[in-house]
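# Structure at a glance
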Amino acid sequence: KDVEEWDAVNARDEEARIVRGMLITSLKHVEMAKARQRWKSRLVAVGCNIRTGSGEKVVEQLQHIVPGSLAASRLGTGYSLLCEDGVCVGFDVPGAYVTAPLSGPATYLELDRIYWPAAWKGYRRPVTRIWKALYGLPRGDIDWGHRARQHLEAEGWNKIRDFGEDSLFVKAPEEDDIAAGVPNNASLASLYSDDFKLSGERKPTLKFLNRLRTRLGTSKTTLQQQQAQGNEDAELSEFVGLEFTPK
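Note that this is a predicted model, so its numbers are computed, not measured.

### Quick notes on the state of the cysteines
Inspection of every chain in the model, using the stated rule, returns 0 disulfides. Cys 83 takes part in no disulfide bond, and the closest cysteine sulfur to it belongs to Cys 88, at a distance of 9.2 Å.

Next up, the structure:
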């Protein structure tokens, strides 16, 4: 019911844009052991070729959010070693981009005929509106990045502005943690696209992490996955493809 002809959309909204979708299939974690590798497919927009109703190519000047650097990741790992009972934990947000509303003019997706369902028979150029920040769109990382930062700020995290980073945050321990004898050390959070890495004293950092997971509706943390397999002392051992040993 959300499918319509592009000509009808173009006649109704002269600012509307159109973009083709394509399916990408690849072997994820190919650099790791075979047990970690898995095939993954994702429908993405061909964001380098967005067109207006008149066929002109859309070129925008956008200010993108810079993901956490390798230095920020190392900082988090090193900081956890300086804490009295430090921990490094992380999680990713499945399908993160498409949880954020798409900004800008209305953008419509068209698919190659090979992907058309039987119900589309009879259409000439069927399209459907993109309501979320679909992967591949130039605005995708911006819209998701703003949403992720809104959630961090809502949980009391503050962006570190004097470190030359765009995706590094800090949060002080809460009064109940200090009252319980936890050292008065802050926690750090580094954000690389849809991957979060948290470092700091174990008790408050794990509490902060679980709050973020609940807010974002995420998968289990690497720490929790390893503990579920019987390793009670497990900590984060890889982040965005980089393997390391915290202790």
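### As for a nonpolar patch on the surface
Where nonpolar side chains cluster on the molecular surface, the patch consists of Leu 23, Leu 43, Ile 114 and Tyr 115 and spans about 400 Å² of accessible area. Here Leu 23 is to be found in strand β2 (residues 17–28).

### Quick word on the nonpolar core
Core analysis: the largest hydrophobic core is formed by 23 residues, its most contacted members being Phe 91, Val 93, Trp 144, Leu 152, Trp 157, Phe 196 and Leu 198. If you list the elements that add at least two residues to this core, you get β5 (86–92), α3 (140–154), β10 (187–192), β11 (195–201) and α5 (202–216). Of all the elements, α5 adds the most residues to this core, at 4 residues. Ignoring anything within four residues of it in the chain, the contact list for Leu 152 reads Trp 157, Phe 169, Leu 191, Phe 196 and Leu 212.

### Brief notes about the packing of aromatic side chains
If you walk through the whole model with that rule in mind, you get 5 aromatic pairs. Judged by centre distance (6.1 Å) and plane angle (55°), the rings of Trp 6 and Tyr 108 are tilted. Note that Trp 6 is positioned in helix α1 (residues 6–12) and Tyr 108 in strand β6 (residues 107–110), a separation of 102 residues in sequence. Like Trp 6, the residue Tyr 108 is buried in the burial classification. Between Phe 91 and Phe 196, the ring centres sit 4.8 Å apart and the planes meet at 5°, which makes this aromatic pair stacked. Here the residue Phe 91 occupies a position in strand β5, and Phe 196 occupies one in strand β11, the gap between them amounting to 105 residues. Assessed through its relative accessible area of 4%, Phe 91 is described here as buried. A cation over an aromatic ring shows up here: Arg 113 above the ring of Trp 116, its NZ or CZ 4.1 Å from the ring centre. The side chain of Lys 171 reaches across the aromatic face of Phe 208, ending 4.8 Å from its centre.

### Focus: the confidence of the model for the chain
Per-residue confidence for the chain gives a mean pLDDT of 87; residues scoring 70 or more make up 87%. By mean pLDDT, helix α6 (residues 222–228) is the weakest element of the chain at 48, and β6 is the strongest at 98. Note that pLDDT drops below 50 for residues 226–234; the model gives that stretch 7 contacts with residues more than four away or on any other chain.

### Regarding the packing of α3 against α5
Where α3 contacts α5, the two axes come as close as 10 Å, and the packing angle between them is 135°. Taken together, the axis directions place α3 and α5 in an arrangement best described as oblique. Where α3 crosses over α5, the handedness of that crossing is right-handed. For the pair formed by α3 and α5, the contact residues are Trp 144, Arg 147, His 151, Leu 152 and Ala 154 on the first element and Leu 212, Arg 215 and Leu 216 on the second. Taken together, the residues of the contact of α3 with α5 break down into 5 nonpolar, 1 polar and 2 charged.

### Looking at the pattern of salt bridges
Opposite charge on two side chains permits pairing when their charged atoms draw close. Taken as a whole and assessed by the stated rule, the structure comprises 14 salt bridges. In this structure, Glu 174 engages Lys 207 in a salt bridge whose closest nitrogen and oxygen atoms are separated by 2.9 Å. Of the two residues, Glu 174 sits in the loop between β9 (168–171) and α4 (175–179) while Lys 207 sits in helix α5, which places them 33 residues apart along the sequence. Taking the shortest distance from any N to any O, the salt bridge between Arg 211 and Glu 174 comes out at 2.6 Å. One end of the pair, Arg 211, is in helix α5; the other, Glu 174, is in the loop between β9 and α4, with 37 residues separating them in the sequence. A relative accessible area of 30% places Arg 211 in the partly exposed class. Each member of the salt-bridge network shares a partner with another, and the members are Lys 171, Glu 174, Asp 176, Asp 177, Lys 207 and Arg 211.

Rules behind the numbers
Residues numbered from 1 in each chain as written. Predicted model: local features only at pLDDT ≥ 70, side-chain atom pairs only at ≥ 80, totals over all residues. Heavy atoms only, no water. Disulfide = S-S within 2.5 Å. Patch = residues over 30% accessible without salt bridge, like charges linked within 9 Å, V, L, I, M, F, W, Y side chains within 5 Å. Areas by Shrake-Rupley, 256 points an atom, 1.4 Å probe, with all protein chains shown as cover. Salt bridge = Lys/Arg side-chain N within 4 Å of Asp/Glu carboxyl O. Helix = DSSP H or I, 4+ residues; strand = E, 2+ residues; numbered from the N terminus. Core = buried A, V, L, I, M, F, W, Y, C linked by side-chain atoms within 4.5 Å. Buried < 20%, exposed > 50% of the residue type's maximum accessible area, 1.4 Å probe, protein only. Contact = heavy atoms within 4.5 Å. Phe/Tyr/Trp six-rings, centres within 6.5 Å; stacked < 30°, edge-to-face > 60°. Lys NZ or Arg CZ within 6 Å of the ring centre and 35° of its normal. pLDDT = per-residue confidence, 0-100. Axes fitted to C-alpha atoms, helices over the stretch in contact; angles between N-to-C directions. Parallel < 35°, antiparallel > 145°, perpendicular 65-115°, else oblique. Left-handed = near helix turned anticlockwise from the far one by under 90°. Nonpolar A, V, L, I, M, F, W, Y, C, P; charged D, E, K, R; others polar.

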